[in-house]
Number of protein chains: 2
Amino acid sequence: MSATLAPVSHEPASKARLRLWLRVLKVNRLVEPVLRERLRAEFGTTLPRFDVMAALNRFPEGLKMSQLSGVLRVSNGNVTGIVDRLEAEELAERAPLPGDRRAAVVRLTDKGRAEFARQAEAHKSWIDALLSDFSAEEAREIGALLGAMTDPATRTGD
Amino acid sequence: MSATLAPVSHEPASKARLRLWLRVLKVNRLVEPVLRERLRAEFGTTLPRFDVMAALNRFPEGLKMSQLSGVLRVSNGNVTGIVDRLEAEELAERAPLPGDRRAAVVRLTDKGRAEFARQAEAHKSWIDALLSDFSAEEAREIGALLGAMTDPATRTGD
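Residues numbered from 1 in each chain as written. Chains lettered and ligands numbered in written order. Predicted model: local features only at pLDDT ≥ 70, side-chain atom pairs only at ≥ 80, totals over all residues. Heavy atoms only, no water.

### Thoughts on the interface of chain A and chain B
Frequently, the measure chosen for interface size is the accessible area removed from exposure when the parts meet. Rules: The contact definition used throughout considers only heavy atoms, calling two residues in contact when any of these lie within 4.5 Å. In this description, buried area is defined as the sum, over both parts, of the accessible area (probe of 1.4 Å) that is lost when the two are combined. A pair is scored as a salt bridge if a Lys or Arg side-chain nitrogen falls within 4 Å of a carboxyl oxygen belonging to Asp or Glu. Nitrogen and oxygen atoms within 3.5 Å of one another constitute a polar contact, given that in protein one can donate a hydrogen and the other can accept it, and given that sequence-neighbouring residues count only through two side-chain atoms. Secondary structure elements follow DSSP: runs of H or I of four or more residues count as helices, runs of E of two or more count as strands, with numbering from the N terminus. In the scheme used here, Gly and all other residues not listed as nonpolar or charged are polar, with Ala, Val, Leu, Ile, Met, Phe, Trp, Tyr, Cys and Pro taken as nonpolar and Asp, Glu, Lys and Arg as charged.
Listed as interface residues are 58 residues of chain A and, on the opposing side, 59 residues of chain B. In total, chain A and chain B occlude about 5,800 Å² of area from one another, counting both sides; carbon and sulfur atoms represent 68% of this. For the chain A face of the interface with chain B, the top three residues by lost area are A:R17, A:W21 and A:M149, together amounting to 14%. On the surface where chain A and chain B come into contact, there are 6 salt bridges. Seen at the junction of chain A and chain B, the total is 24 residue pairs in polar contact (both at pLDDT 80 or more). Where the side of chain A that touches chain B is concerned, the elements lending two or more residues are α1 (13-43), α5 (110-130) and α6 (136-146) of chain A. In terms of residue class, the side of chain A that touches chain B is made up of 29 nonpolar, 9 polar and 20 charged.

### Considerations on the environment of A:V31
Among the secondary structure elements, A:V31 is positioned in helix α1. Linking A:V31 and A:L131, residues 100 residues apart in sequence, is a C-alpha distance of 8.3 Å.

### Focus on the relation of the copies chain A and chain B
Each of the two copies of the chain can be brought onto the other by a rotation about an axis and a shift along it. Stated precisely, the cut-off is as follows: Least-squares fitting of one copy onto the other uses the C-alpha atoms of those residues that reach a pLDDT of at least 70 in both copies.
Rotating chain A by 180 degrees about the axis while translating it 0.0 Å along that axis superimposes it on chain B, leaving an RMSD of 0.0 Å. Taken together, the turn and the small shift mark the pair as related by a two-fold rotation axis. Most of the interface of chain A is mirrored in chain B: 100% of its interface residues are interface residues there too.

### Some points on the pairing of strand β2 (residues 100-108) of chain A
All names here are of chain A. Put simply, the rule is: DSSP calls a pair of strands paired once it identifies at least 2 bridges connecting them.
The sheet contact formed by strand β1 (residues 92-97) and β2 spans 6 bridges and is antiparallel. Residue pairing in the sheet places A92 in a bridge with L108 of β2. Hairpin connection of β1 to β2: 2 residues between the antiparallel strands, including G99 at a positive phi of 90 degrees.

### Quick word on the pattern of salt bridges
To be explicit about the condition: Type-normalised accessible area, obtained with a 1.4 Å probe on protein chains alone, sets the label of each residue: buried when under 20%, exposed when over 50%, and partly exposed for intermediate values.
For the structure on display, the rule yields 24 salt bridges over all chains. With its nearest N and O atoms 3.3 Å apart, the salt bridge here joins A:E11 to B:R140. Remark: B:R140 occurs in helix α6 (residues 136-146) and A:E11 occurs in the segment before α1; the pair is interchain, linking two chains. The buried category is assigned to A:E11, whose relative accessible area is 17%. With a relative accessible area of 15%, B:R140 lands in the buried category.

Here's what the structure looks like:
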């Protein structure tokens, strides 16, 4: 429909996208094991548990279990088991949903919020060092470009 | 030491790097489950098994088991079990290392190479569609930028 610019390379898009994917995997492979090890060593926690607390921290009013499962990453653990342990340690609590007493939400306690703040601060500084090959400007640029990706499962028209 | 340009944003580098990391995770989370499901449905295989075959395919002369473990991604399965099954299906074989008969390498058979070629072609076209939000030029740009990342474990001087 619209005029397109001449490609700057003869390489097909599929090859560029495959390389992009392999490099996303590489960044993941270089960073994630370090995060797992440090969360274990410094906070006695796991990445799935950190992710659950991060999700709960973003929603102070609480999340239903089904919503919580939806926000977790690929290789997540057992959400119910994680919430059970957080509750046993008084870091999270189950509470009735206002307006619907049959439904329950999970939310962080004050103690949980304080503990997550400590972990998140450390996590941020680890990422800062692990990704120090990228200048602030590069990180912004790549982040903005990657942010354009939509969920393939909800895309229409292709 | 050297003169630096004024930042284009007041946002600290740590925040930009954290956002970059979260977006890398997001791309991973949107793509990886689809790959796993399609590899299962269309080829009766798994992502760790695909990764093992991809590594072997890159080294026609074969890899030692220890080298093979090194190339695999984070949530890999059991490399020995995967190789055992590939061998049972005649897709891979163990062979003595030339010049050192006590050491063995694993390599793809011709049948394994042909099977991997089919899977890799499909995988490439899936990635092409899954990452279609990125133009060829964007994919090249992000790939090139991400490619600058070095292994934190081998970095010196910071």
